[in-house]
Structure formats: structure tokens, C-alpha cells
Amino acid sequence: MIIDKTSAKPYYEQIILMIKEQVMQGILQPGEQIPSVREMARQLLMNPNTVSKAYKLLEVQRVIVTVKGRGTYIADRQTEQRDLVKQQQLQERLDELVLEASYLGVSQTEMTEWLAISYGRGQTDANDSKRS
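K.L.:
Give a description of the packing of aromatic side chains that names residues and reports values.
P.N.:
On inspection of all chains with the given rule, the structure shows zero aromatic pairs. The lysine or arginine in question, Lys5, covers the ring of Tyr11, its NZ or CZ lying 5.0 Å from the ring centre. We note Lys53 situated over the ring of Tyr12; from NZ or CZ to the ring centre the distance is 4.1 Å.

Here it is in C-alpha cells:
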């Protein structure tokens, strides 16, 4: 994992997105243990409080599970139910992106191509790693 220190996105959000991306790509599997907060902070050269915040949010989102005294693990995604509130928030963010893209003169065709490419990355990578 690499944190982009020049990004405007907060470090804890970058950690969340990296872990989710690795789960979608099949790099991290359900039940697999991930580094402790302290170990992850050491690896990323950052404050443990930042990693702790990311882990807490990932737990709320049911991406990871922490077992006291045993460690932190990737949660089983198959038992996960769709979160309607989270979906609504995602729709609102997408609406904002479409508005911004329209303002910049990006066509619907271009946006559709971008979406297909972005979505395809996660699906293709996840399918490739399952075949290995």
C-alpha cells in the first residue's frame, strides 16, 4: 500500500479505498488477516490514530472485522446486505460528478466509457485473481 502524500484526499480515506480496492481485486480474501493498526502505521509511515480511524470506518462498513486478542480480518462479503443509505450517498456523489463533468464539457458518451473502464478494472482484476 502506498499513500499519496500530495493528494487532497485525507490519508484515512486513502487507506479505506486501498483496502476496498484490494478486496475487489481479490488481493485480500475474506478471512485473511491484515496488519494491526500499529503495524500498518509503521508500514505507511504515519500516525497510528490515522490508521485507527480508517479501520474503525471499515468496521462500520463491514469490510473488516476485529477479533479482540486475535487481530483484524477481511469480512465475508457474501453475508453482507446492501446498505441503502450508503447507496443513496453514492448516488448523490455520482450526481455531483456528472454535474461537474457536464460543466467541463464532458459528454455522456465519455462519462459512460470512463465508468465502464473504472468498473471493469475491479471486476476484471477480481475475476483474474479468482482463476489463479
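Picking up where we left off.
K.L.:
Pulling in residues and values, what's your account of the pattern of salt bridges?
P.N.:
Scanning all chains against the criterion turns up one salt bridge. Residue Arg42 is joined to Glu39 by a salt bridge in which the shortest nitrogen-to-oxygen separation is 2.6 Å. You can see Arg42 and its partner Glu39 sitting in helix 2 (residues 37-44), three residues apart, about one turn around the helix.

K.L.:
Describe the pairing of strand 2 (residues 64-67), and please don't skip the residues or the numbers.
P.N.:
The sheet contact formed by strand 2 and strand 3 (residues 71-74) spans four bridges and is antiparallel. By the bridge assignment, Val65 is partnered in strand 3 with Tyr73. Between strand 2 and strand 3, which pair antiparallel one after the other, the connecting turn spans three residues, and Gly69 there sits at a positive phi close to 80 degrees.

K.L.:
Hey, could you go over helix 2 for me, with residue numbers and the actual values?
P.N.:
Buried within helix 2 are the following residues: Met40, Ala41 and Leu44. Angularly, the buried residues of helix 2 cover 100 degrees about the axis, an arc narrow enough to put them on a single face. When the buried face of helix 2 is taken as reference, the exposed residues oriented beyond 90 degrees from it are Arg38 and Arg42. On its buried face, helix 2 is in contact with helix 1 (11-24) and helix 3 (48-60). Where helix 2 terminates, the next one or two residues include Leu45, which has phi positive at roughly 55 degrees.

K.L.:
Describe the packing of helix 1 against helix 3, and please don't skip the residues or the numbers.
P.N.:
For the pair helix 1 and helix 3, interaxial distance at closest approach is 8 Å and the crossing angle is 50 degrees. By the angle between their axes, helix 1 is oblique relative to helix 3. Read as a crossing pair, helix 1 and helix 3 show a hand that is right-handed. On helix 3, the residues touching Tyr11, Tyr12, Ile15, Ile16, Ile19 and Lys20 of helix 1 are Thr50, Val51, Lys53, Ala54, Tyr55, Leu57 and Leu58. A per-class count over the contact of helix 1 with helix 3 returns 10 nonpolar, one polar and two charged.

K.L.:
Quick one: what's the story with unusual backbone geometry, residue by residue and with numbers?
P.N.:
For Leu45, which is not glycine, the phi dihedral falls at a positive 55 degrees. Relative to the assigned elements, Leu45 resides in the loop between helix 2 and helix 3. Judged by relative accessible area, Leu45 falls into the exposed class, the value being 72%. Within the chain, Arg62 stands out as a residue other than glycine whose phi angle is a positive 60 degrees.

Rules and cut-offs
- Residues numbered from 1 in each chain as written.
- Predicted model: local features only at pLDDT ≥ 70, side-chain atom pairs only at ≥ 80, totals over all residues.
- Heavy atoms only, no water.
- Phe/Tyr/Trp six-rings, centres within 6.5 Å; stacked < 30°, edge-to-face > 60°.
- Lys NZ or Arg CZ within 6 Å of the ring centre and 35° of its normal.
- Salt bridge = Lys/Arg side-chain N within 4 Å of Asp/Glu carboxyl O.
- Helix = DSSP H or I, 4+ residues; strand = E, 2+ residues; numbered from the N terminus.
- Pairing = 2+ DSSP bridges.
- Buried < 20%, exposed > 50% of the residue type's maximum accessible area, 1.4 Å probe, protein only.
- Arc of directions from axis to C-beta.
- Contact = heavy atoms within 4.5 Å.
- Axes fitted to C-alpha atoms, helices over the stretch in contact; angles between N-to-C directions.
- Parallel < 35°, antiparallel > 145°, perpendicular 65-115°, else oblique.
- Left-handed = near helix turned anticlockwise from the far one by under 90°.
- Nonpolar A, V, L, I, M, F, W, Y, C, P; charged D, E, K, R; others polar.

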